[in-house]
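The chain contents come next:
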Amino acid sequence: MKVIPLNKNETQLIARAIKNNRGAQQCLYDLHSGKMLGVCRMYIKDLHHAEEVMLNGFLKVFKYLVDFKNEGSFEGWIRKIMIRECISFLRSKKALEFKEEGLEDFNGSFNNIESDINVDEIQQLIDSLPEGYKVVFVMYAIEGYKHLEISKMLNINIGTSKSQLFKARKMLQEKLRTQNISGYGTVEI
Amino acid sequence: MGQLKFEKDFSEKLNKRKIEPKAGSWEELSARLNSEEKSKKPIFWWIGIAATLVGGILIFSILFNKPISETPVIVNAPEEEIFKEQIESQQISFEKPASKEEAKPEKAPVKTVKNIFSKKEPVANSKLASIGKPQESSKTENDQSYKDPDLMKETKISGNPEEAIVEATTNANKTGEITDAEVDTLLAEALTKIKGDKSAKSVSENIDANSLLLEVELEMEQSIREKVFDVLKVGYFKAKTAVVNRN
């Protein structure tokens, strides 16, 4: 029962924000900025840059709010914009480089390692990955994109996307294993 | 391959995470939004101004092109064509059967001769002089030409008005319906008419047709220019007032 008025409230806010109502826009910003900065931080190591990218993303959100049709979730729509903004930021910094891989089999099995580390430690682990591995890993494992979608968004082959994920997983597993051995679940980087 | 166990854990924890942006981040975004809105408006006005300019150019092109297509083309031929037509009709009247000529024996040839002279302009004096006394000197020749069908054809094809006159007079002589005195008076009449026309022509010769046409064209162009300038002025003032009102 509580969800419906909240959603109603959001649609009303969106309707007002479309008409450039600053109050409504601020409400939407306050509602989603925390999560969206978290999203940007996954892709961009530097928090200051991540915040800058988030602000650019919100600028686009309010600019193209008219195009938002209340078909999916508003948060999902903003999230997509943020991810695209992060990718273009990394491209502008020439940080995104992918090695084109051949048709290898990247569907090898992984040991299902469990981890009991906190969010900051997870972030540190992700940050330790090379940019290409990191972006594909976050998009696939955290955001839930398919390889086809990733390949389209990053303008790479599906094989490259698979190889990047394979290598990222391998690297992360190795790091998690060493952490588990050395610190019983605590991270030592 | 689906999510691994550690990936699920990562995903849950990261998706729940919230990082609060620094204080004043909304103010920064608001300022950017304001500047974005401001930059939008001039583009809109520029589009309006550009549209009016394009419209003006279109109107200009339409107005400018119209008179050119409507400008009358000077044709020197009509006079001759009219003349030829006249002569052809004349010849047809000559070719008509004698029974019809008998019905109006005296008036028909006189009329045609008069018509020719009234329409005709460029007749040389020397030629007219020769027409002035035609009976005695060229009677035999005329008779021959009248009898000879080939010669008749030549005169018809050439369509020369003087020859037509001569032919008409000889034709009249043959029938014996018009006397020499009558022909003389007719020719004298025609001569005076031609002289009158010539004097009129000499007066009109001082005015060049091309210069007249050019003058008229210039006048027309000027009026079009004025119209176009008016249209552009109106467009400019509209745009100006719009920009002023916006501020």
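Fair warning: this is a prediction, and the values are worked out from it, not measured in the lab. (Residues numbered from 1 in each chain as written. Chains lettered and ligands numbered in written order. Predicted model: local features only at pLDDT ≥ 70, side-chain atom pairs only at ≥ 80, totals over all residues. Heavy atoms only, no water.)

Chemist: Looking at this model, I keep getting lost on the overall build of chain A. Mind explaining?
Modeler: Along the backbone of chain A there are 8 helices and 0 strands. Mapped from its N terminus to its C terminus, chain A presents α and β elements in the order α-α-α-α-α-α-α-α. Here chain A holds 189 residues, and 50% of them are scored as buried. Taking as baseline every contact in chain A between residues at least 6 positions apart, the subset at least 24 positions apart corresponds to 69%. In the form shown here, chain A has an accessible surface area of approximately 10,100 Å², with 50% of it arising from carbon and sulfur atoms. (Helix = DSSP H or I, 4+ residues; strand = E, 2+ residues; numbered from the N terminus. Buried < 20%, exposed > 50% of the residue type's maximum accessible area, 1.4 Å probe, protein only. Contact = heavy atoms within 4.5 Å. Areas by Shrake-Rupley, 256 points an atom, 1.4 Å probe, with all protein chains shown as cover.)

Chemist: Looking at this model, I keep getting lost on the pattern of salt bridges. Mind explaining?
Modeler: Opposite charge on two side chains permits pairing when their charged atoms draw close. All names here are of chain A. With the rule as written, the count across this model stands at 13 salt bridges over all chains. The shortest N-O distance in the salt bridge between Arg 79 and Glu 75 comes to 3.7 Å. Taken as a pair, Arg 79 and Glu 75 lie in helix α4 (residues 74–92) at a separation of 4 residues, close to a single helical turn. For Arg 79, a relative accessible area of 13% puts it in the buried group. Exposure remark for Glu 75: the relative accessible area of 25% places this residue in the partly exposed category. For the salt bridge of Arg 177 with Glu 174, the shortest nitrogen-to-oxygen distance reads 3.5 Å. Placement of the pair is Arg 177 and Glu 174 together in helix α8 (residues 158–183), with a separation of 3 residues, close to one helical turn. For Glu 174, a relative accessible area of 46% puts it in the partly exposed group. Via salt bridges that share partners, Lys 35, Glu 75, Arg 79 and Glu 143 belong to a single interconnected network. (Salt bridge = Lys/Arg side-chain N within 4 Å of Asp/Glu carboxyl O.)

Chemist: I tried to follow the packing of helix α6 (residues 131–142) of chain A against helix α7 (residues 147–154) of chain A on my own but got confused; where do I start?
Modeler: To describe two helices that pack against each other, one gives the angle between their axes and the distance between the axes. All names here are of chain A. Contact geometry for α6 and α7: axes closest at 10 Å, N-to-C directions at 140°. The orientation of α6 relative to α7 falls into the category oblique. Crossing angle aside, the handedness with which α6 passes α7 is right-handed. Within the contact between the two elements, α6 uses Val 135, Val 136, Met 139 and Tyr 140 and α7 uses His 147, Ile 150, Met 153 and Leu 154. (Axes fitted to C-alpha atoms, helices over the stretch in contact; angles between N-to-C directions. Parallel < 35°, antiparallel > 145°, perpendicular 65-115°, else oblique. Left-handed = near helix turned anticlockwise from the far one by under 90°.)

Chemist: Is there a simple way to think about the packing of aromatic side chains in this case?
Modeler: Ring pairs (aromatic) are described by centroid distance and by the angle formed between their planes. Within the structure shown, the criterion is met by 11 aromatic pairs over all chains. Relative to B:Phe6, the ring of A:Phe137 has its centre 6.5 Å away and its plane inclined at 10°; by these criteria the two rings are stacked. Here B:Phe6 lies in helix α1 (residues 5–16) and A:Phe137 lies in helix α6, a pairing that spans two chains. Residue class for A:Phe137 comes out buried when judged on its relative accessible area of 0%. (Phe/Tyr/Trp six-rings, centres within 6.5 Å; stacked < 30°, edge-to-face > 60°.)

Chemist: I tried to follow the interface of chain A and chain B on my own but got confused; where do I start?
Modeler: Many descriptions give the size of an interface as the accessible area lost when the pieces come together. Chain A puts 47 residues into the contact, and the matching count from chain B is 29 residues. Here chain A meets chain B over a buried area of about 3,600 Å², counting both sides, of which 59% is carbon and sulfur. Summed over the three residues of chain A that lose the most area to chain B, namely A:Arg22, A:Leu59 and A:Arg169, the buried surface amounts to 16% of that side. Here chain A and chain B share 4 salt bridges between them. A:Lys63 is paired through a salt bridge with B:Glu36; the nearest N and O atoms lie 3.4 Å apart. Where chain A touches chain B, the interface holds 16 residue pairs in polar contact (both at pLDDT 80 or more). When contributions to the side of chain A that touches chain B are tallied by element, the ones reaching two or more residues are α2 (22–43), α3 (47–63), α5 (119–127), α6 and α8 of chain A. Each residue belonging to the side of chain A that touches chain B can be placed in one class, and the counts come to 22 nonpolar, 15 polar and 10 charged. (Buried area = accessible area lost by both parts, 1.4 Å probe. Polar contact = N/O pair within 3.5 Å; in protein donor to acceptor, adjacent residues only side chain to side chain. Nonpolar A, V, L, I, M, F, W, Y, C, P; charged D, E, K, R; others polar.)

Chemist: Any chance you could explain α5(A) here in plain terms?
Modeler: Each α-helix winds once per 3.6 residues, and so residues spaced three or four apart point in a common direction. Residue and element names in this part refer to chain A. Counting buried positions along α5 gives 7 out of 9 residues, so the element sits mostly inside the fold. If you check which residues of α5 are buried, you get Val 119, Glu 121, Ile 122, Gln 123, Leu 125, Ile 126 and Asp 127. In this structure Asn 118 caps α5, since a side-chain oxygen of it lies 3.2 Å from the backbone nitrogen of Asp 120.

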